[in-house]
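# Structure at a glance
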Amino acid sequence: MNIQTPVADRKPSREEAEAALAVLRRWAGRSSDAEIATLDPAATALVYPELSRAYPKQFRVDAAYKDTLPDLQNGPASLIVGANRLIQHVGISNFRLPIRYHTRDNGDLMLETSVTGTVSLEAEKKGINMSRIMRSFYAHAERSFSFEVIEHALEDYKRDLDSFDARIQMRFSFPVRVQSLRSGLSGWQYYDIALELVDKGGVRKKFLHLDYVYSSTCPCSLELSEHARRERGQLATPHSQRSVARISVEVVGKTCLWFEDLIDLARAAVPTETQVMVKREDEQAFAELNAANPIFVEDAARSFAAQLLAEPRIGDFRVVASHQESLHSHDAVSVLTEGATFAAESLDPRLFGTLFHVG
């Protein structure tokens, strides 16, 4: 009597097992995670082999290995998600590093700086390698910083990223020693400043932004208070409030417009800058200074504009002022622009909300 051993009972050869595993992995590559999860756990382990959980300290990357690494950001247009449209700005924001800045008195300051760097992205390109923007800055960070060095960094990453438009903005807090009004004391006033370099269509423009913080005494409230004193012998005080102007200017010409120069222009326009070191005689002087310079928000915008218009190193500009009212539950605001650069039909809905000065 002959007994035939069924094929199913025969131990498969290694070649058969490898072929079956290849088929299983091809199927898994075209299946969803849910479908794969329905497999026998043992089969799932074959599809996804157990990976090492130990960090490979001794592993070294060579050129050949680098060539095998996937690069989705530089992938073909077929990988683009959404509409095939030009992106005007794509890059990084709030990348921080210490940068040296020159001061008007020929000194140097090392200040923590927040960098925003963006480039344009053509419609048929998937994305950019954002780490190149940071590498460009580190390549120049050891040098004393100026608009010229920003230009070098911009040229680096515009070339590396093969883009036709680019923009760099650097924000920092700039300290200036300020004298008190009468006591002879002095203290450090900190100014929020941003430098911006824009390269659009091969044309480069330089911008300087300053937040100037001052006190604004309401002219109407001042006159009403004086009326109460004069007509009824009634003590009354005018209302005043901490106010902020964001002054943005296009820097033109070859002569340097120092940070301190723009601060001086703002102070000349509205002299009631908030104080740092104050004794009683300084507080009295500040009250007198406010009474001598009462100002509506419209007056503030025009006063700043008058100073900026008279400065040949400044081209187009914008003044955004916010008087954060002590009388009302709302703020009084104004926007004044000169030239086409800052003109806009629409305002950022949160523009004025960014003008709050936090001490």
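This is a predicted model, so every value here is computed, not measured.

Another aspect to go through is the packing of aromatic side chains. Per the counting criterion, the structure on display carries ten aromatic pairs. Considering the side-chain rings of Phe 174 and Phe 259, the 5.0 Å spacing of their centres and the 75° angle between planes classify their relative orientation as edge-to-face. Remark: Phe 259 occurs in helix H8 (residues 259-269) and Phe 174 occurs in strand S4 (residues 166-179); sequence separation between them is 85 residues. In this structure, Phe 174 and Phe 259 share a single accessibility class: buried. Ring geometry for Tyr 214 and Phe 304: centres 5.8 Å apart, planes at 70°, overall edge-to-face. Of the two residues, Tyr 214 is situated in strand S6 (residues 203-217) and Phe 304 in helix H10 (residues 297-309); the sequence distance between them amounts to 90 residues. Counting every residue linked through ring pairs, the aromatic cluster contains Tyr 101, Phe 172, Phe 174 and Phe 259.

Take the packing of H8 against H10 next. Contact geometry of H8 with H10 gives a least axis separation of 8 Å together with a crossing angle of 135°. It follows that H8 is oblique to H10 by the angle criterion. Read as a crossing pair, H8 and H10 show a hand that is right-handed. Within the contact between the two elements, H8 uses Leu 262, Leu 265, Ala 266, Ala 268 and Ala 269 and H10 uses Ser 303, Phe 304, Gln 307 and Leu 308. Partitioning the contact of H8 with H10 into residue classes produces seven nonpolar, two polar and no charged.

Sites flagged by UniProt as "site: May be catalytically important" (unreviewed entry) map to Cys 218. Here Cys 218 is to be found in the loop between S6 and helix H7 (219-232). With a relative accessible area of 13%, Cys 218 lands in the buried category. In this structure, Cys 218 is in contact with His 239 and Phe 296, ignoring residues within four places of it in sequence.

Let's shift gears to the environment of Asp 108. Here Asp 108 is to be found in strand S2 (residues 108-121). Sequence separation between Asp 108 and Phe 145 is 37 residues, and the spatial gap between their C-alpha atoms is 9.4 Å.

Cut-offs applied
- Residues numbered from 1 in each chain as written.
- Predicted model: local features only at pLDDT ≥ 70, side-chain atom pairs only at ≥ 80, totals over all residues.
- Heavy atoms only, no water.
- Phe/Tyr/Trp six-rings, centres within 6.5 Å; stacked < 30°, edge-to-face > 60°.
- Helix = DSSP H or I, 4+ residues; strand = E, 2+ residues; numbered from the N terminus.
- Buried < 20%, exposed > 50% of the residue type's maximum accessible area, 1.4 Å probe, protein only.
- Axes fitted to C-alpha atoms, helices over the stretch in contact; angles between N-to-C directions.
- Parallel < 35°, antiparallel > 145°, perpendicular 65-115°, else oblique.
- Left-handed = near helix turned anticlockwise from the far one by under 90°.
- Contact = heavy atoms within 4.5 Å.
- Nonpolar A, V, L, I, M, F, W, Y, C, P; charged D, E, K, R; others polar.
- UniProt positions renumbered as here; feature names shortened; annotations may be inferred.

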